[in-house]
Amino acid sequence: MPKTEKTGLGRALVKHHNQMVQQSKEKGKYYRSQNKKVLESVTEVSNIEEVIEQADEAHRFPNLDPSLKIPIRLDSASSANDFTAEELREQQKREEALHASSLRIPRRPPWNAKMSVEELDESERRAFLEWRSSLASLEANENLVLTPFEKNLDIWRQLWRVLERSDLLVMVVDARDPLFYRCPDLEAYAREIDEHKRTLLLVNKADLLPLSVREQWAKYFDQHGILFLFWSAKAATAALEGKKVPCNSETSTNQDSVYVDTKIYGRDELLVRLQSEAEEIVSARCKSSSSSSDSRPVVVGFVGYPNVGKSSTINALVGEKRTGVTSTPGKTKHFQTLIISDKLTLCDCPGLVFPSFTSSRYEMIASGVLPVDRMTEHREAIQVVANRVPRSVFEDTYRITLPKPKPYEPQSRPPSSFELLRAYCASRGYVASGGLPDETKGARQILKDYIDGKLVHFEMPPRISSDGEETSGDDSEALDSSEILESESDDDDAITSSVPEHRDGDHLAEVMDDLKIFDMANGLASSGKESAKKKPARAAHKQHKKPQRKKDRTWRAKGGDGDGMPVVRVFQKPVNSGY
């Protein structure tokens, strides 16, 4: 074959590779020209990104109203230093009640099938920008603390599609704190789309709650007219795989319970209940519109916060792994439609972080809403966990001994994040560079154990007074936790009784020792070894000096009257007197 002919398998492969590279470049140029970005959850935006975003919006909408621009706070300092913590909290509660109606999720603007893609995109962006500007005005209020929320329009578009498609909306929440993961405005928005559309609260991870706690939550939901079901995706998945699920007598369903809805639904029971609820909604819609029943299958949409178990619930109901599952929030990027039968279709929506006033950023990290691996300040998040979980649970779970409170401190105080991290890292051998405990690694492991349910904790529902007003559930939570978990009050009494009575002098000495240790730890005083006077070090050449020979000075005068100086003795011959 002549060498001039360019034939052969190798040249064909190289040519095909070059064509693929050129196609990918052209595709990238096309997506960049369309201003399309990767669908990724965005909850926090820096000031520089805000400026860039405003420049893009100004270029896209030149006739935009200046009042709709998102204000940028370059100075985050607060001027509320003259108030105490109680006054600030009361002022914050008043501001939250005043602006509760402004805390809404974005609505999709009206649209029809005749609108072009560009017109629909511009309309949605304008509505989303108005929503962002309204929340930015709340963020500018120093008396309000607005939690991080979803700032990516494409993620909210996924929610809009799911709401429009679904007949029954299922909001998946964590059983340990259902009110934290519930969004009442989402239920109101579903009713705005269709008055017959209903929302069901699926309380996932219910196997972590004792029966008495489930009864109280069932009573609370019934009093507020909330449709709910208890469910455990982990237990249902284990049952499908043929694994034995450990059954706790406290978490098992009691037949003598007053509330029948406290039982944890299985896979088949949940599918039947979802299908029946959705069919009732479709039939009620058909009756109101005087139209014939539609033969299409009913659609059940699953929405909620990230990392609450939406995808795990979908996989358990389908019977196989159809959606990605991970402990990191934001695994699901697009909504997915899964056909269960000819009469039932499930729709999975990506997790969204809804705006709220009720929590801080560290509480959202501890609750698993924000990624743990992206955490920068670990001690604040660990302190949230330490305030919620009793001291005895840490010691029994990790087999560690936490430092007891000092005699002058409240005996019921929770352990500090410093004490918990130091004890945990010492027991696990987590050491960073320089020989210091690796607190970052230990904090991430503790937070993951807390999110997975290894550290037992649950919130109690708010109490309802005789006037119908809700009060804080802190007192009820403390009371019920003492009955279900190991009571902190009993431990405090035992600690107090075990502390011997000290005399005033001994107690004062202990206080002074603690203050001295505190000063040394914070660099306010030097240690005793450093404060002691050190002897001047000898030179290196004088370390091995030969001993000098003693001179013999015995010949010196040793009389008591002598001064030690040499004495010259003169001998005089006697006078010869003889002739």
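Rules used throughout
- Residues numbered from 1 in each chain as written.
- Predicted model: local features only at pLDDT ≥ 70, side-chain atom pairs only at ≥ 80, totals over all residues.
- Heavy atoms only, no water.
- Salt bridge = Lys/Arg side-chain N within 4 Å of Asp/Glu carboxyl O.
- Helix = DSSP H or I, 4+ residues; strand = E, 2+ residues; numbered from the N terminus.
- Buried < 20%, exposed > 50% of the residue type's maximum accessible area, 1.4 Å probe, protein only.
- Expected span 1.5 Å × (residues − 1).
- Axes fitted to C-alpha atoms, helices over the stretch in contact; angles between N-to-C directions.
- Parallel < 35°, antiparallel > 145°, perpendicular 65-115°, else oblique.
- Left-handed = near helix turned anticlockwise from the far one by under 90°.
- Contact = heavy atoms within 4.5 Å.
- Nonpolar A, V, L, I, M, F, W, Y, C, P; charged D, E, K, R; others polar.
- Pairing = 2+ DSSP bridges.
- Right-handed = clockwise from strand over helix to strand, strands pointing away.
- Phe/Tyr/Trp six-rings, centres within 6.5 Å; stacked < 30°, edge-to-face > 60°.
- Lys NZ or Arg CZ within 6 Å of the ring centre and 35° of its normal.
- pLDDT = per-residue confidence, 0-100.

**Some points on the pattern of salt bridges**
When their charged atoms lie close together, side chains carrying opposite charge are able to pair.
Phase 1: Taken as a whole and judged by the stated rule, the model has 26 salt bridges.
Phase 2: As a salt-bridge pair, Glu-164 and Arg-108 come within 2.9 Å of each other at their nearest N and O atoms. Linking Glu-164 in helix H5 (residues 153-165) with Arg-108 in the loop between helix H3 (85-98) and helix H4 (117-139), this pair joins segments that are 56 residues apart in sequence.
Phase 3: Overall, the relative accessible area of 34% leaves Glu-164 in the partly exposed class.
Phase 4: Judged by relative accessible area, Arg-108 falls into the buried class, the value being 12%.
Phase 5: Among the salt bridges present, the one from Glu-277 reaches Arg-198, with a minimum N-O distance of 3.3 Å. Taken as a pair, Glu-277 in helix H10 (residues 267-289) and Arg-198 in strand S2 (residues 198-204) lie far apart in primary sequence, 79 residues in all.
Phase 6: It is possible to trace a salt-bridge network through shared partners that takes in Arg-108, Asp-121, Glu-124, Arg-125, Asp-154, Arg-157, Arg-161 and Glu-164.

**Considerations on H4**
Phase 1: An ideal rise of 1.5 Å per residue puts 33 Å on 23 residues; H4 measures up with 33 Å between its terminal C-alpha atoms.
Phase 2: The complete set of buried residues in H4 reads Leu-120, Glu-124, Arg-125, Ala-127, Phe-128, Leu-129, Trp-131, Arg-132, Ser-133, Leu-135, Ala-136 and Leu-138.

**Observations concerning the packing of helix H13 (residues 378-388) against helix H16 (residues 439-452)**
Phase 1: Running from N to C, H13 and H16 point in directions that differ by 40 degrees, and their axes come no closer than 10 Å. Viewed along their axes, H13 and H16 adopt a mutual orientation that is oblique. The handedness of the crossing between H13 and H16 is left-handed. Contacts between H13 and H16 pair His-378, Arg-379, Ala-381, Ile-382, Val-385 and Arg-388 from the former with Glu-439, Thr-440, Ala-443, Ile-446, Leu-447 and Tyr-450 from the latter.
Phase 2: Its residues assigned to classes, the contact of H13 with H16 shows seven nonpolar, two polar and three charged.

**As for the environment of Glu-363**
Phase 1: Among the secondary structure elements, Glu-363 is positioned in helix H12 (residues 361-366).
Phase 2: Residue class for Glu-363 comes out partly exposed when judged on its relative accessible area of 24%.
Phase 3: The spacing of Glu-363 and Ala-381 is 18 residues in sequence and 6.6 Å in space, taken between C-alpha atoms.

**Observations concerning the pairing of strand S5 (residues 298-304)**
Phase 1: Of all the seven residues making up S5, seven are buried; the element is thus mostly covered by neighbouring parts of the structure.
Phase 2: Burial along S5 is two-sided: the residues Val-298, Val-300, Phe-302 and Gly-304 and Val-299, Gly-301 and Val-303 are all buried.
Phase 3: The pairing of strand S1 (residues 168-174) with S5 spans five bridges and is classified as parallel. Looking at the pairing, Val-172 lines up with Gly-304 of S5.

**So, the pairing of strand S3 (residues 228-231)**
Phase 1: Residues of S3 alternate between two faces, with Phe-228 and Phe-230 on one and Leu-229 and Trp-231 on the opposite face, all of them buried.
Phase 2: Where S2 lies against S3, three bridges are found, and the strand directions are parallel. Looking across to S3, one finds that Leu-202 is bridged to Leu-229.
Phase 3: Considered for its hand, the β-α-β crossover made up of S2, helix H8 (residues 211-223) and S3 is right-handed.
Phase 4: Of the strand pairs in this sheet, S3 and strand S4 (residues 264-265) are connected by two bridges, and their pairing is parallel. Across the sheet, residue Trp-231 finds its bridge partner in S4, namely Tyr-265.

**Side note on the environment of Pro-178**
Phase 1: The residue Pro-178 is located in helix H6 (residues 178-181) in this model.
Phase 2: In sequence terms Pro-178 and Leu-202 are 24 residues apart; their C-alpha atoms lie 9.4 Å from each other.
Phase 3: Ignoring anything within four residues of it in the chain, the contact list for Pro-178 reads Val-173, Trp-217 and Phe-221.

**With respect to the packing of aromatic side chains**
Phase 1: Using the criterion set out here, one finds 15 aromatic pairs in the structure.
Phase 2: Pairing Phe-128 with Trp-131 gives two aromatic rings, centres 5.4 Å apart and planes at 40 degrees, and the pair type is tilted. With Phe-128 and Trp-131 both in helix H4 and three residues apart, this pair spans about one turn of that helix.
Phase 3: Note on Phe-128: relative accessible area 7%, which makes it buried.
Phase 4: Accessibility expressed as a relative area gives 7% for Trp-131, which makes it buried.
Phase 5: Ring geometry for Phe-180 against Tyr-305: centres 6.0 Å apart, planes inclined by 25 degrees, an arrangement best described as stacked. Taken together, the residues span a long stretch of sequence, with Phe-180 in helix H6 and Tyr-305 in the loop between S5 and helix H11 (310-318) at a distance of 125 residues.
Phase 6: In textbook terms, an aromatic cluster arises when at least three aromatic residues are bridged by ring pairs, as seen for Phe-128, Trp-131, Phe-149, Trp-156, Phe-180, Tyr-181, Tyr-305 and Phe-354.
Phase 7: When the ring centre of Phe-149 is taken as reference, the NZ or CZ atom of Lys-151 above it lies at 4.0 Å.
Phase 8: When the ring centre of Tyr-265 is taken as origin, the NZ or CZ atom of Lys-263, which lies over that ring, is 5.0 Å away.

**Structural notes on the side chain of Ser-356**
Phase 1: Residue placement: Ser-356 occurs in the loop between strand S7 (344-348) and H12.
Phase 2: The contacts of Ser-356, once residues within four sequence positions are left out, are Leu-103, Val-145, Leu-146, Thr-147 and Tyr-305.

**Some thoughts on the confidence of the model for the protein chain**
Phase 1: Taken as a whole, the protein chain shows an average pLDDT of 74; of its residues, 62% reach a score of 70 or greater.
Phase 2: The low-confidence segment residues 72-80, where pLDDT is below 50, has 13 contacts with residues more than four positions distant or belonging to other chains.
Phase 3: Note that pLDDT drops below 50 for residues 474-482; the model gives that stretch 12 contacts with residues more than four away or on any other chain.

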